[in-house]
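Understanding the architecture of this molecule
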Amino acid sequence: MAADASGKMLVVYYSLTGNTAGVARDIAGLARADIEVLRDFDREPPLGALAYIKAALDALRGRPGKLGSIACDPRNYALVVIGTPVWVGRMSPAVRAYLERYRDYLPHVAFFVTSGDTDASKVVGPMEAILRHKAEALTGFNAKELADPRVRSDRIATFVQALRQREGFFPGVTRTGAVLS
Ligand SMILES: Cc1cc2nc3c(=O)[nH]c(=O)nc-3n(C[C@H](O)[C@H](O)[C@H](O)COP(=O)(O)O)c2cc1C
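Across its full length, the protein carries six helices and five strands. For the protein, long-range pairs separated by at least 24 residues make up 76% of all intrachain contacts whose partners lie at least 6 apart in sequence.

Among the 20 residues in the neighbourhood of the ligand, the closest are listed as Ser15, Asn19, Thr20, Pro85 and Gly116. Elements that contribute at least two residues to the shell around the ligand include exactly helix H1 (19-31) and helix H2 (49-61). Among the residues making up the shell around the ligand, the classes are represented as nine nonpolar, ten polar and one charged.

Once that is clear, we can look at the environment of Gly83. Within the element layout of this structure, Gly83 appears in strand S3 (residues 79-85). A count of 27 C-beta atoms within 10 Å places Gly83 in the buried class. Counting along the chain gives 55 residues from Gly83 to Leu138, while the straight-line C-alpha distance between them is 9.8 Å. Setting aside anything within four residues of it in sequence, one finds Gly83 in contact with Val11, Tyr13, Thr20, Val23, Ala24 and Phe112.

Here the focus is the environment of Pro46. Looking at the secondary structure, you find Pro46 in the loop between strand S2 (34-37) and H2. With 30 residues separating them along the chain, Pro46 and Leu16 place their C-alpha atoms 9.2 Å apart.

The next subject is the nonpolar core. Met9, Val11, Ile27, Val80, Val81, Phe111 and Leu163 are the most contacted members of the largest nonpolar core, which totals 47 residues. Dropping the residues within four chain positions of it, Val80 is found in contact with Leu10, Val12, Pro74, Leu106 and Val109.

What follows covers the packing of H1 against helix H6 (residues 149-164). Axis angle and axis distance: for two packed helices, these are the angle between their axes and the distance between the axes, and together they describe the pair. As a packed pair, H1 and H6 sit with axes 10 Å apart at the nearest point and diverge in direction by 45 degrees. With respect to each other, H1 and H6 are oriented oblique. Taken as a pair, H1 and H6 cross one another with a handedness that is right-handed. Taken together, the residues of H6 that come into contact with H1 (itself represented by Val23, Asp26, Ile27, Leu30 and Ala31) are Ile156, Ala157, Phe159, Val160 and Leu163. Partitioned by chemical class, the residues of the contact of H1 with H6 number nine nonpolar, no polar and one charged.

Thresholds, definitions, all that
Residues numbered from 1 in each chain as written. Predicted model: local features only at pLDDT ≥ 70, side-chain atom pairs only at ≥ 80, totals over all residues. Helix = DSSP H or I, 4+ residues; strand = E, 2+ residues; numbered from the N terminus. Contact = placed C-beta atoms within 7 Å. Near = placed C-beta within 6 Å. Nonpolar A, V, L, I, M, F, W, Y, C, P; charged D, E, K, R; others polar. Buried ≥ 20, exposed ≤ 12 C-beta atoms within 10 Å, placed from the backbone. Core = buried A, V, L, I, M, F, W, Y, C linked by C-beta atoms within 7 Å. Axes fitted to C-alpha atoms, helices over the stretch in contact; angles between N-to-C directions. Parallel < 35°, antiparallel > 145°, perpendicular 65-115°, else oblique. Left-handed = near helix turned anticlockwise from the far one by under 90°.

Okay, structure coming up:
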């Protein structure tokens, strides 16, 4: 089935400790997008110390998580925005599982990443490799940036503005080549 052309946007995210969830909610609120929360049955909070080690090992080894039920069919959206925390320099296993399961239904994606202090651009290569194409846009937030309300809201606004300007997602609006951080 072809991707939907209505301009609807879906924000999909995984979050263990709330950072990615907060950014996802802000993006979805600003963009008036639907939202899909990924659950990973391999690690249901609260996590003990061993579960954190397993989480890190799974991310390192590229092991997909065990996804809970999915509510929104990505084929109904013109653009799917996917958010993940960085684990040992990698995407989270839940997001890996989502990308692997739906890669044929995700022709237009944008990514956002939250981390302690890792450049988002270092994480997205393997995410794009699963999809076999590039993301339309990317942004990232480290711990310092997440804690700064102004940096955080400015960056989210810039990201959403750039998504809106992607030709075809919002009919009548043309691409401006906005630079994303
Ligand atoms: C298992 C694990 C591994 C992590 N590895 C990294 C890392 O390699 N680099 C980094 O900058 N932050 C790392 N972090 C920090 C998270 O990326 C960061 O706190 C993120 O914002 C958490 O998002 P969340 O609250 O949505 O789960 C790691 C956190 C966990 C739990």
